[in-house]
Amino acid sequence: MLRGILLGEADRILTLYSPWRGKVRAVARGVRRPTSRLGGHVEPLIHGSYLLARGQELDVVTQGETIHSFPRLRDDLGSIGGGLYAAELIYHSTSEGVENYPLFRLLLDTLMRLDGEGSVELALRYFELHLLGHLGYRPQLGRCVACQGALPPTVNFFTASGGGVLCPSCHPPESSVRRLSLNALKTLRFFQEKDWAQASRLKVSPPLMAEIKGALREFILYHLERELKSTLFMDLVGGHGSAASGATVLRPAHGR
Amino acid sequence: MNNPVTTAAPVGRLIQEFHKLPGIGPKSAQRLTYYLLRAPVEEARSLAQAILDMKERVVLCSICQNVTDSDPCLICRRGDRDGGQICVVEEPLDILALERTGEYKGRYHVLHGVISPLSGIGPEALKVKELLARLRDGLVREVIMATNPNLEGEATAMYLQRLIAPLGIKVTRLARGLPVGGDLEYADEMTLARALQGRQEV
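As the structure is a computational prediction, the values presented were derived from the model and not from experiment. (Residues numbered from 1 in each chain as written. Chains lettered and ligands numbered in written order. Predicted model: local features only at pLDDT ≥ 70, side-chain atom pairs only at ≥ 80, totals over all residues. Heavy atoms only, no water.)

A. Region of the structure containing the overall build of chain A. Helix and strand counts for chain A come out as nine helices and eight strands. Long-range pairs, those at least 24 residues apart, make up 58% of the contacts in chain A between residues at least 6 apart in sequence. Of the roughly 11800 Å² of accessible surface on chain A, 51% is carried by carbon and sulfur atoms. (Helix = DSSP H or I, 4+ residues; strand = E, 2+ residues; numbered from the N terminus. Contact = heavy atoms within 4.5 Å. Areas by Shrake-Rupley, 256 points an atom, 1.4 Å probe, with all protein chains shown as cover.)

Rendered as C-alpha cells:
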C-alpha cells in the first residue's frame, strides 16, 4: 500500500504495489468510517493481502488483511518519513500494471529494515541505490563513464546525466559537476555490490552519509524529473538530527 | 462539463457552478438549477445571501482558529470551559463531533489540516505557530492530540508532541481501539494491539 487519496465522503483511492502486477490503483469504499472492516488494513505503508474486484475504471477492494503493519516504523517520525519516501519513489518511478518483483521485494525489505533497530539513513541509501539498479539506471561506479578508464584513488566527480562517475581528466574544469570523495565512492560501490547483511554493518560518518545522500538524491531527481514531496518532511524531522543538516546544504543545487 | 447550446447562458452557468461542488455530479447540478429556476425569487435570493454571509461574516477565531462569526468564538468566550486543557483537532468539523459527546469541557485548537508528507504539506501550512503561542502563557496543563488515527494524523501528533514536550506540558493522545458496533474479527492488528494495551478494568 503506497498511498491513499480521499474520494468523496468516506472512500479512498489506494495505490498498491504488488509482486506480480506492479502498481495497481483501486477504490476502497467506506474506509474512513470508524466501523469500516477495511479501514485499518489500507493505511499507507501496510503490507497486506487484498482482494480486488475488477471495476469499470478502477478495481474495487472487497477484502483486505494486514500481513505486516510495521508498528515500530509507525512510532518513529524519522522512520515514517523514510517509509513514505520509499513509497513515493516507487510510486513515481513505476507504471501501472508493470511487474517488477525485485522492486517489490526491495520495498518490503526496506520497510522491514525501517521497522527494525538499524539506521534509517543507511537503509534508505541502500534502497535508493538498488532501486536505481532495478529500474535500469544503475550508476556506473567502477569505471569513468566517459573514457571507461579505471578511476584513480582520489576525488572524482559524480554526474547524474552521465550516469555515474567521471575521472578528474574527463571532468570539464569549471563545470558544476558534483565532487565525489574517495570514501563516498567506496561506500557507494560497497552498497551496490554487497547484500544488506554486509552493508548494514558498515559504519558511515554523518558527513560521509550526507555526501552520499546528496549525490544519490541528485541522481534520482535527474532520472525522475521531479521533486519528491516527502523529502521536505524527512528533512524536517531529520533522522534524529544527525544527517539532516547535510540535506539542507545540498538543496540549493536543484532549485524548486 | 458540456454546456448544450439549447440551455440559456445563465442556466448553464449555474449548472457549472453547482457541478464544481463536492459530491455534485452533472445530473444533480441540473436538478438543483432547474429547481431554483422554478422556485420563487425570494428563495434564490435567500440562498445567494446565505452563501455571501457565510463567506463574508465568518472568520477564524483568533484564539482557537475555529470558524466563527464572532471573534473570539463561543467556546473560547465561555467562562465554564477549562482553559488548562487544549484539544488539538484537524478540522472544525472535528469540534462538532467532540462536542456531541458532551464529555469534554476544555478548549480546542484547529490545525486546519494535517502534516501530509506525500502531498508536501508541512507544519508551516497548519496553525502550529498559533498553538505554540497559546502554550506560552503557562496556563495550559494538558494538550490532547485528537488528530485522526491514521498515518498522517499520528505523524502530526508525534511531531507536535516533539515541539510541545520541552515546554513541560503534558501531551496526551486520544485512545485508539475498537469502535462501538464493530466486529472483533475484522479489526486490524494495529487497532487490536492498541485496544489490548489500553484495556481497562470493568
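B. Region of the structure containing the confidence of the model for chain B. With 98% of its residues at a pLDDT of at least 70, chain B reaches an overall mean of 86. The ipTM assigned to the predicted complex is 0.70, against a pTM of 0.77. (pLDDT = per-residue confidence, 0-100.)

C. The domain arrangement of chain B, seen in detail. Splitting chain B by domain gives domain 1 (9-57) and domain 2 (67-201). Placing a centre on the C-alpha atoms of domain 1 of chain B and another on those of domain 2 of chain B gives a separation of 35 Å. (Domains from an automatic or database assignment.)

D. Local environment of the interface of chain B and chain A. Each partner contributes residues to the interface: chain B has 22 residues there, and chain A has 27 residues. Between chain B and chain A, the buried area comes to about 2200 Å², and carbon and sulfur atoms account for 69% of it. Three residues stand out in chain B for area buried against chain A, namely B:Leu118, B:Leu151 and B:Met190, and they jointly supply 33% of the buried area on that side. The interface formed by chain B and chain A contains zero salt bridges. Counting every contact that joins chain B to chain A gives two residue pairs in polar contact (both at pLDDT 80 or more). Sorting the residues of the side of chain B that touches chain A by element identifies helix H7 (151-164) and helix H8 (189-197) of chain B as the ones contributing at least two each. The leading source of residues in the side of chain B that touches chain A is H7(B), at five residues. Counted by class, the side of chain B that touches chain A contains 13 nonpolar, five polar and four charged residues. (Buried area = accessible area lost by both parts, 1.4 Å probe. Salt bridge = Lys/Arg side-chain N within 4 Å of Asp/Glu carboxyl O. Polar contact = N/O pair within 3.5 Å; in protein donor to acceptor, adjacent residues only side chain to side chain. Nonpolar A, V, L, I, M, F, W, Y, C, P; charged D, E, K, R; others polar.)

E. Main features of the sheet that holds strand E8 (residues 178-180) of chain A. Residues and elements named next belong to chain A. Taken in spatial order, the three strands make up an open sheet running E7-E6-E8, and their pairing is antiparallel. For this open sheet the edge positions go to strand E7 (164-166) and E8, each flanked by a neighbour on one side alone. Going across the sheet, the axis of each strand differs from the next one's by a mean of 45°, ignoring polarity. Note that strand E6 (residues 156-159) and E7 share three bridges and pair antiparallel. Bridging from a neighbouring strand, Phe 157 pairs with Leu 166 of E7. The strands touched by helix H5 (residues 182-193) are E6, E7 and E8; relative to E8, the strand with the most contacts, the crossing angle is about 80°. Contacts from helix H7 (residues 206-224) reach E6, E7 and E8 within the one sheet, and its direction differs from that of E8 by about 135°. (Pairing = 2+ DSSP bridges. Axes fitted to C-alpha atoms, helices over the stretch in contact; angles between N-to-C directions.)

F. Expanded view of the pairing of strand E3 (residues 82-89) of chain B. All names here are of chain B. Burial analysis of E3 places six of its eight residues in the buried class, which makes it a mostly covered element. Here E3 pairs with strand E4 (residues 106-110) via five bridges, running parallel. Within the sheet, the bridge partner assigned to Asp 82 lies in E4 and is Gly 106. For the segment spanning E3, helix H5 (residues 92-101) and E4, crossover handedness is right-handed. Two elements, E3 and strand E5 (residues 142-145), share four bridges in a ladder whose sense is parallel. Each bridged residue has a counterpart across the sheet, and for Gln 85 the counterpart in E5 is Glu 142. (Buried < 20%, exposed > 50% of the residue type's maximum accessible area, 1.4 Å probe, protein only. Right-handed = clockwise from strand over helix to strand, strands pointing away.)

G. Fine view of the packing of helix H2 (residues 77-93) of chain A against helix H8 (residues 230-237) of chain A. All names here are of chain A. Between H2 and H8, the least distance of the axes is 9 Å, while the angle of their chain directions is 160°. Here H2 is positioned roughly antiparallel relative to H8, judged by the angle of their axes. Regarding H2 and H8, the two cross each other, and that crossing is left-handed. Residues Leu 77, Gly 78, Ile 80, Gly 81, Gly 82, Leu 84, Tyr 85 and Glu 88 of H2 form the contact with H8, whose participating residues are Ser 230, Thr 231, Phe 233, Met 234 and Val 237. (Parallel < 35°, antiparallel > 145°, perpendicular 65-115°, else oblique. Left-handed = near helix turned anticlockwise from the far one by under 90°.)

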